[in-house]
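Coordinate inspection notes
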Amino acid sequence: MKLSSILIIALSIQAKQSFSQQNDSTEVNRKVVTETVKGTVLDKNTRLPLIGVTIVLSSNGKTQSASTDQQGVFRLLHVPVGRQVLQARMAGYRQEELSEILITSGRENILNIELEPQTNTLNEAVVYADAGKQPLNQMAMTSGRSFSPEETNRYAGAFFDPARMAQSFPGAVAGGDDNEIIVRGNSPKSLQWRLEGIEIVNPNHFGEEGAAGGGISMLNTMVLGKSDFYTGGLAAEYNNAISGVFDLRFRKGNTDKREYTFNVGVLGVGATLEGPFRKGSDASYLISYRYSSLSLLEKAGIKVSDTGVPKYQDLSFNFVFPTKKAGTFSIFGIGGLGKLKETAERDYQKWEERTDAQDMNLGFNAGSIGLKHQYIANDKLYFNNILSMSASRNSNTTDTLTQDYIASLYRRDKFTNTAIRYAGSLNYRANSRNTIRAGINASLLRYDFYALSYDTQHAALKERINQNGSTSTYDAFAQLKTVLTDRLTLNTGVHANYFVLSKSWTVEPRLGLNWKVAADQTISFGTGLYNRLEPLAYYFAHSEGKESNITSSSKLSPTKSAQAVIGYEKNFNRTLRFKTEVYYQHLYDVPVSTDPSINFSLLNVSDISAIGTSTYRQLINKGTGKNYGIELTLEKSLSKGYYFMVTSSLFDSKFKALNGKEYNTTFNTRYVGNLLLGKEWTVGKNKNNLFGLNAKLIYAGGRKYSPILEEESFRLDEEVIDQDRINTLTAAPYVRLDFSSSYRINRKKVSHLVILDIQNALNRENTVGMHYNFSKRIIEPQKWTGIIPTINYRIEF
C-alpha cells in the first residue's frame, strides 16, 4: 500500500508539472512527435482487398488523407501521436468511423478495417464502430460485441487480461478475484475460448481441471487483435457452447520493419518481437514471451496463494505467409507452463495446521498450436481450413510429514487432455443480399486421468479415477444471411453434432434477426438450440456409496440448452449508446446424481473437484435448469478525453436434480452493477504525452451456498452440506473498487508506458459464504483475495 501511494503521488506530481509546462508552451515552439499509420481495408463479405478507399485521419481540426492501393493497403506518414478519429469511405459501402485510435511512437500503428456493402437506402450510412462495438463476425445478430487490445490495457483491474476486462460487460459477473466469468447465470466452466476460428484449451495459468478461468491469463495483448465476446444468441457456426464465447484473433506482425517491445513489472518480464522474415517480403512473424514470478508480491507482504508462490511462463506467436496464388497460410499458437511448490518447514513445533506439515508440488501446463489456410477463390467465394492440436496437464503430488519428517503420500493427481481439431468452412456471397456460410468440425479427444487421495473414513488412500482412452465429436453447420429489406436482416441456420462416446446426435436450428427501426435504433432477436460437452473426467470418475468403484456412465450425452434473446439499441451520437437485452435459457439433459437424495448438478460446479467428495455418485442426463434476466447498458466510447460504461443485470438462475425440486445455483447472485470510467489528459511541454486515470466499481449480489452439517463434516473430514437446503443461504454482496493510472511518454522512435493497476483498492474482504477448512478443521468464511497492486513498465521501439 505504501508503494502504491508513493506511485500515485509521483504520477500526480508529474501530471501537474506537465500541465504547467503545457501552459507555457506555444504552438509555434511545439516539437510534435509523429508516427506512421498504415493498414488494409477489406470487403467484410468477400475478404477481398478494396481499391480506392479514402482514409481520413483527423485530430484537433487537422486532417490527413490517403487512398488504398491495389492490395487494399493505405499509409499515412507523420501522423501526430495521441487520439485520432479515422474514417474509411467508398461508394457502395457503409462509411466506417473509429473514434478512439491511439497513435503512439516507437512502432508503426497498423489498422485492419472491414467495410460492409451498402445495400439499403437509409439516410444514415455511417457505421460508428466504437459506439456500438459491433461484432466482427457478420453472422452475429445479437448478444455480442467487439473489443480491442487497447481497451484491455486501459480498463482498471484488467491486468492486460481480456477475461478480467469482460467482467464489466453486461451479462457477465465476476466469478471471484480470479478471471472466471459467470455469463447469464451459467457456470464459469461453460465459457468457450476460440482462437483464429477454432476452439482452444483454457488459456489461463493455474486453472483447476475442467475450469475455463484461472489466476493469470496466458494471453498477451501485444499479440491480440480486435476480437469478439458473446453472451448468447450464437450463430450456427459456433459449436460446443451454451453460454459465453471468447472469439479471439491474433494480429499480423509488421511486414515493413522489425519492432520490439519489452515489459518489466511486479508480475515479471516479457518481450515481443515482430517484423518481416526478410526485407520486401509480405511474410511476417509476431512472437511474445513472458516469464513471471509472484515472489515480489509475497516479499511485499501480499499473500498471493495459500500454497506457495506461483511461477509461470508463456509464449504466443503468429507467423503469416501470404502467397500469390495459393492463399494465405498462418501458424499460430499459445502455451504456458506453471508450477506451484511449497515445502513444509522441518520444525514441527511451528506447525499450526495440517497443510503446514505437507509438501506440495502442483503443475499447470497447457497450450494450443494451429495451422490456418485462407483461400479466396473469387469475389464471391472464400475458404478457411484450420488444423490444430491442444494439450493440457494438471498435476498434484502432496505428501504428509510425520514429526520425524518421514513423508507419506496423501494425494496424487494427473489429468492430461489432448485434442486434435479440424475446422473447415466456406463463405459464398450469392448476391448483394444473400451470403451462405457452411462448414464442418472434427475433434479427436484423448484423455489420461488418474486421481488418488486419502480417505479419512477408510483411513487409507482411495482411487477416485483411473481412465485413459480416446473419443471424438463431429459437427456440421450451414447458415444463410439474407438482407430481406433495407431495414431487416435475417440469419437462419442449423447445427448438428455427433458425440462418439455416448453415440448421441443433436440437431440444432438457430435464427437471428436484426431490424433497423431507424438510422439510430435497432431491435435484435436470436434463438436456437445449443450443446456442450462436460469435462471428460465426469464421465469416468468413480462413484461413492453402494455403487463404489462403478464408473460414471460413458453414455452421458452433452448438456443442452434452448435460448431466446431480444434486444434494443439506441445510438445517441457517434460515441454514446444505450442497449438492453432480455433473455431466457432452458437447460436440459443436464448430468445430475443418480441418487435422488443427493441434489448434485453440473450446473452448480465450476470444475471437477466434486469427484473427490463422499457425496459424488454416478451421473445421468435427467437434470434441468433455467436462466432468465434483463441487461441494461449506457456506454460512451472514449472521445474528448473521457469514457464511461454503466451496466446492470438482473437475473435468476435455477436447477433441478433428480428429485424434481428446484434450487438456486451457486452462481445466482441475482444482480450485478458495474461502473467503469476513465479520463485522459494530453500533457508534456510539447503535448506528446498522455496521462490517464481509470476506475471500476463492481457491486454484485452474494453467491448462494448451502448450510454445512457440522458433525458429518468433522466425522468425514470434508465439507458435507444439507441436501434439503441446497443454496438457501446468501453471502454478503461482492463489492470491489479497481483503480489504474497510466503515463505514456512518446519520443522520436521510442515510447515508454508506466501503468499502475490496483485490484480491490479498498482491500475489502469479500466472502463466498461459510466452508469447512480441512487444514484447520473448523468452519469459517471462505474469503477472496484482498488488494492486489501491480506496476508495469513497457518500452516500444
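Whatever comes next refers back to the structure up there.
The following refers to the structure shown. (Residues numbered from 1 in each chain as written. Predicted model: local features only at pLDDT ≥ 70, side-chain atom pairs only at ≥ 80, totals over all residues. Heavy atoms only, no water.)

Another aspect to go through is the pattern of salt bridges. What the rule picks out here adds up to 49 salt bridges. A salt bridge links Glu508 to Arg510; the nearest nitrogen and oxygen atoms lie 2.7 Å apart. Residues Glu508 and Arg510 agree in their burial class; the two are buried. Its salt-bridge partner being Arg577, residue Glu569 comes within 3.6 Å of it at the nearest N-O pair. For Arg577, a relative accessible area of 3% translates into the label buried. Salt bridges sharing partners connect three or more residues here, namely Lys38, Arg75, Glu108 and Asp256. (Salt bridge = Lys/Arg side-chain N within 4 Å of Asp/Glu carboxyl O. Buried < 20%, exposed > 50% of the residue type's maximum accessible area, 1.4 Å probe, protein only.)

Moving on: the environment of Thr104. Mapped onto the secondary structure, Thr104 falls in the loop between strand E6 (95–103) and strand E7 (109–115). Spatially, the C-alpha atom of Thr104 lies 10.0 Å from that of Lys748, the residues being 644 residues apart in sequence. Thr104 has contacts with Glu35, Val81, Asn109, Arg744, Asn746 and Glu796, leaving out every residue within four places of it along the chain. (Helix = DSSP H or I, 4+ residues; strand = E, 2+ residues; numbered from the N terminus. Contact = heavy atoms within 4.5 Å.)

This brings us to the pairing of strand E18 (residues 259–265). The side chains of a regular strand alternate between both faces of the sheet. Alternating positions in E18 separate cleanly, Glu259, Thr261, Asn263 and Gly265 being buried on one face and Tyr260, Phe262 and Val264 remaining unburied on the opposite face. Pairing of E18 with strand E19 (residues 268–276), which is carried by seven bridges, proceeds in the antiparallel orientation. Looking at the pairing, Thr261 lines up with Thr272 of E19. Counted along the chain from E18 to the antiparallel partner E19, the turn is two residues long. In this structure, E18 lies alongside strand E44 (residues 788–796), joined through five bridges in antiparallel fashion. What sits directly across from Thr261, in E44, is Glu796. (Pairing = 2+ DSSP bridges.)

Adjacent strands of a sheet pair through backbone hydrogen bonds, lying either parallel or antiparallel. On the basis of which strands lie adjacent, the open sheet formed by five strands has the order E9-E16-E17-E12-E13 and mixed pairing. Both outer strands of the open sheet, strand E9 (144–147) and strand E13 (198–199), are each paired with one neighbouring strand and no more. The sheet contact formed by strand E12 (residues 192–195) and strand E17 (residues 245–248) spans four bridges and is parallel. Bridged to Leu195 within E17 is Leu248.

This part is about the pairing of strand E26 (residues 434–455). Two elements, strand E25 (residues 407–431) and E26, share 20 bridges in a ladder whose sense is antiparallel. Pairing of Arg411 across the sheet is with Ser453, part of E26. Hairpin geometry of E25 and E26 is characterised by an intervening segment of two residues between the two adjacent antiparallel strands. One ladder, built from 22 bridges, connects E26 with strand E27 (residues 460–483); its direction is antiparallel. By the bridge assignment for E27, Tyr454 is matched with Leu461. From the end of E26 to the start of E27, which pair antiparallel, there are four residues, and Ala459 there has a positive phi angle of about 50°.

Just geometry here; none of it tells us what the structure is for.
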